[in-house]
Each structure stands twice: as structure tokens, then as C-alpha cells.
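Residues per chain are reported as follows:
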2 protein chains.
Amino acid sequence: MTDAYVQSLARGLAVLRAFDAEHVQMTLAEVARRTDLTRATARRFLHTLVELGYVLSEGGTFRLSPSVLSIGYAYLSGLSLPELAYPHLRELSARVGESSSMSVLAGDDIVYVARVPARRIMAVTINVGTTFPAFATSMGRVLLAGLPPAELERYLARQRPEAITDRTLTDAAQISERIEQARRCGWTLVDQELEIGLRSVAAPVVDAAGRTIAAINVSMRVGSPTASTDSISSSIVPRLREAALRIGHSYRAGGGALG
Amino acid sequence: MTDAYVQSLARGLAVLRAFDAEHVQMTLAEVARRTDLTRATARRFLHTLVELGYVLSEGGTFRLSPSVLSIGYAYLSGLSLPELAYPHLRELSARVGESSSMSVLAGDDIVYVARVPARRIMAVTINVGTTFPAFATSMGRVLLAGLPPAELERYLARQRPEAITDRTLTDAAQISERIEQARRCGWTLVDQELEIGLRSVAAPVVDAAGRTIAAINVSMRVGSPTASTDSISSSIVPRLREAALRIGHSYRAGGGALG
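Keep in mind that what you see is a predicted model, and the values were worked out from it rather than measured.

**Some words on the domain arrangement of chain A**
So, point 1. Parsing chain A into structural domains produces domain 1 (7-67) and domain 2 (78-254).
So, point 2. Between the C-alpha centres of domain 1 of chain A and domain 2 of chain A the distance comes to 32 Å.

**Brief notes about the relation of the copies chain B and chain A**
So, point 1. Of the transformation placing chain B onto chain A, the axial shift is 0.0 Å and the rotation is 180°, giving an RMSD of 0.1 Å. When the rotation and shift are considered jointly, the pair of chain copies conforms to a two-fold rotation axis. Taking C-alpha positions as the reference, the residue of chain B nearest the rotation axis is L9 of chain B, at 2.3 Å.

**Some points on helix 4 (residues 69-77) of chain B**
So, point 1. Most of helix 4 of chain B sits inside the fold, with nine of its nine residues counted as buried.
So, point 2. Listed in full, the buried residues belonging to helix 4 of chain B are L69, S70, I71, G72, Y73, A74, Y75, L76 and S77 of chain B.

**Some thoughts on the sheet that holds strand 4 (residues 99-106) of chain A**
Residue and element names in this part refer to chain A.
So, point 1. Taken together, the six strands give an open sheet; going across it, the order is 6-5-4-9-8-7, and neighbouring strands pair in antiparallel fashion. The sheet terminates laterally at strand 6 (131-133) and strand 7 (188-191), the two strands that pair on one side only. Ignoring strand direction, the axes of neighbouring strands in this sheet form an average angle of 35°.
So, point 2. When strand 4 meets strand 9 (residues 212-221), the two strands line up antiparallel, connected through five bridges. The residue bridging M102 from the neighbouring strand is I216, located in strand 9.
So, point 3. Those strands touched by helix 5 (residues 81-96) are strand 4, strand 5 (109-116) and strand 9, and its axis lies near 65° from that of strand 5.
So, point 4. Set on the sheet, helix 6 (residues 138-145) makes contact with strand 4, strand 5, strand 7, strand 8 (198-206) and strand 9; between it and strand 9 the angle comes to about 155°.

**Some words on helix 1 (residues 7-18) of chain A**
So, point 1. For helix 1 of chain A, spanning 12 residues, the distance from its first C-alpha to its last is 16 Å, which sits close to the expected 16 Å at 1.5 Å a residue.
So, point 2. The set of residues buried in helix 1 of chain A consists of L9, A10, G12, L13, V15, L16 and A18 of chain A.

**Structural notes on the nonpolar core**
So, point 1. Residues L16 and I216 of chain A together with L16 and I216 of chain B are the most contacted members of the largest nonpolar core, which totals 118 residues.
So, point 2. By size, the runner-up hydrophobic cluster in this structure holds 23 residues, among which are I110, I126, M139 and A182 of chain B.

Definitions and cut-offs
- Residues numbered from 1 in each chain as written.
- Chains lettered and ligands numbered in written order.
- Predicted model: local features only at pLDDT ≥ 70, side-chain atom pairs only at ≥ 80, totals over all residues.
- Heavy atoms only, no water.
- Domains from an automatic or database assignment.
- Least-squares fit on C-alpha atoms with pLDDT ≥ 70 in both.
- Buried < 20%, exposed > 50% of the residue type's maximum accessible area, 1.4 Å probe, protein only.
- Helix = DSSP H or I, 4+ residues; strand = E, 2+ residues; numbered from the N terminus.
- Pairing = 2+ DSSP bridges.
- Axes fitted to C-alpha atoms, helices over the stretch in contact; angles between N-to-C directions.
- Contact = heavy atoms within 4.5 Å.
- Expected span 1.5 Å × (residues − 1).
- Core = buried A, V, L, I, M, F, W, Y, C linked by side-chain atoms within 4.5 Å.

Below is the structure:
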């Protein structure tokens, strides 16, 4: 029994995760519905999270408190890579005039660990901590291309990719081909598979042993001058790859550990 | 019993929080020691967190997985303020050549919700999610100055401030005076109270109703040209306050909700 699964912990974390951009503030009934818990059970978890300071209760509704940020902070604080990457991502964003980001694999998702938004207010809200399914993103395909072959095979075998837009590739053979292409070329482009209007190119960050430890990308709005085929191949991709190389060099020079 | 405290949830979150910059990777024994749990209990929680994908187990040691970032993300994704603030913080950092940040109050701590590091690799690792005791930081004093008087009184009454450096103010009357000064002047300076060598100035971000919704700061290394009294009063503070005003304006114009 010592290794028994603690269901209360799983449920409590599910309550925390039930809050998102579309559910910033919820009633008890909404939390119960989104977590498949009874109202009585949801109330106990919410009450505990309020006691611990992670949730705020106000006039019958609940929302996350800024203290929840401190849970993920411990991960970032042990990670030198985002810190090393930021100067290079900032320079990249300044040169191309678009947002750039870095992410790593977490299970079947990519998780953003650094982000430099473009000098304008974007409609898309992406922050450190944002997750997306790996198969439908440029950084995800680059990261998957960096997996050992057996691990990539297991990943592909367990996927049941669902379309996110009408451009999302869902055929395993096609996705596998794009991942293979990313590996061969050292970069990849994903066009509106995650969101209509969004085009993104990514490249791997590689450590001294040749392992892919992260991916960086530049994302562009379709229709903007930077997002044209010409601009991407002549300007964006060379600068993206240069930034990825420089981050890899800083990492090796710093002897940084990727937590 | 419906509102009973779920101890397993509290303990599981304590296990997650036990990992930090100084404890990136821990053995079972270390986790048990840092959380005051028995080894058997700590093992059950770690096992559950591994199952849920928040912790990685490797050769007898444990570390956080990038998935933990997704717990705090739900908070940021519901928050328009950091997104509105980033362009202004980036401009501020570029103009003064130093790091700038934004934070909000979470209990008795400040929590960083946005950060633009200076164009160099700093020794200090501060990220979104970093927390510090409010009383010893410039942003904290500005945020405390923005509390309703009764709330500030309760805050001051429950504090037992402990010195962090030999410069940290720990006398309640002195701290209260500095908070009052921050309110009167609209900005404040904290000199090496949080870390020797670190000097920081902060100003409040105010909503349409005149409430302080966040604080922004510029932090400098003592001895650098920007950190001189002259530079701070003639260059840093005016630019800091301008940025704070602009963020407040964007917020009001955008009708943004602070979670």
C-alpha cells in the first residue's frame, strides 16, 4: 500500500487545472461540472485551496490567486535554459519583428518555457506555461524529431490526433513524414494547423551530445509581409537557426543543466 | 464535514513546493525531510505526482517536469494585465538598460507576473512566479501603500519581519513610514534590503477607480552608473512612472480584468 495513488491529490490538482482562460471565475456548480466531482467533494477541495491561498472566494465564485504561479516557479528556477535563451530570443524578435518562444516536451504536449511577444498586443494569449499538443505545432514537430527513434514510435503509436483547424494534419503517416522532414532540414514550418491565421517556423536547440533539449520558434500572422514564402526562407529561417545555434552554444559554455 | 480540509491535497502541494532553485533534484529522503512527512507518505505523494506527469523519477531521484508550469498558466491566461504591460516594460528596460518587472500581492508576498530581464545574464534568477516578502521590496511597499487602510493595518499587525540582509528594515514603525512615503510620492526606493548589491525603485499601476492593481519596478546593481542617486532621480524614476501611467491607461482602454 505504500505506493498507493493519492486520489485526493489528483482531484485537487484537477480542480486547479479546471480554471483557464475561458473559465477565469467559476461557481461551485461549474467547478463540479468541469471536474466530474460531486458538489460536496468539489466544495471540500475548493475550501482547502482557499485555505492554502491558491484560490480566492468572492461572492459565491472562485478564481485562482497569483500564488498558483509559485507552484511552477520552482521548475523554472531550477532551469538555466530560459535565462540563457532570453537575450537571443529578444534579439531574434527585434530582428524579425515577430514573437519568438522556446518550449520543451512534457508528455505529448509542448510547454512554453520562455516567450518574447512582438511589440504589439496580440490576440493570442500565450505565456510561459501554455501547453499545446506537440503534433500540431512547429516546435512540437522539431522536439519529436529529436526523440530517440523508439520513443518517437511509441509517441506516434499512442496518438489519436484530432483536428484543431481544418488544416490540422491528423494522418499519422503524414505527421510522421513532417517530423522526419524537420529532422532532415533542421527546421520546420506549420501553417494554420493550430489556429487559422497563424504560421510558425521552429528549429531545435541542441546540446553538446547532439540531443535536442528545446525548440524555438517565430510565429507570424498570415498576410503580414514577414509571413510570405520569400520572407520566411530568406530572412526568418536563417535568423531563427542562428538564434537556436547561439542558445545551444551559451548552454554548453555555461554548462547549464536542463533541470 | 462537507467543508473539511483535504490534508492529502495540502501535503501533495507541499511536496511540489519543496522543489526549488536549491533543490532541483531530490531523493525520497530529502523530500521527506523538507516536507516533514514520513518516507512512506512522501513516497505515495511522489508516486502520484509521477503518475500525473508533474514529477519525473530518474535513478532514485525526483525532479519537477515542465508540466508543473501549466498549473500557474491558468492564472496568467485569465489575466490581461501582463500582456498589456509587456510592451511598456520592454520599452522601459530598453530606455534605462536595466531589468523591469511587474508584480501583484498574494497574501503577504509579492508574486512576479511579468519580467523583462536586462540584456545580460544576471546572477539573480527571477521569473514569473517568483515570490518575495512584500515588506522588504520596492514593489511590495508600493502595493501595500495601495491597500485600504484597514487592510494595511491588519497586514502590519500580523507581520514579524525578519532581516534578509543587514540592511532590511524590521521595525514595524519604520516599515509603515516607508509605505506611507510610497503612497505620498507615488514611488519608492529599496536599497539592498532584499539582497546586498541590489537597488530597486517601484511605482504603482492604477485603475480607473484609483485602485492600485499592480506595481512595476526597475532593479539595478549598486555601483552601476544607473544606480547612482543622480541617475535614479533624473532618469530612472521619471521613466518608471511614465511606464506605470501608460500601463494603467492601456488597462483602462482595454477594459481588462485583473483576474
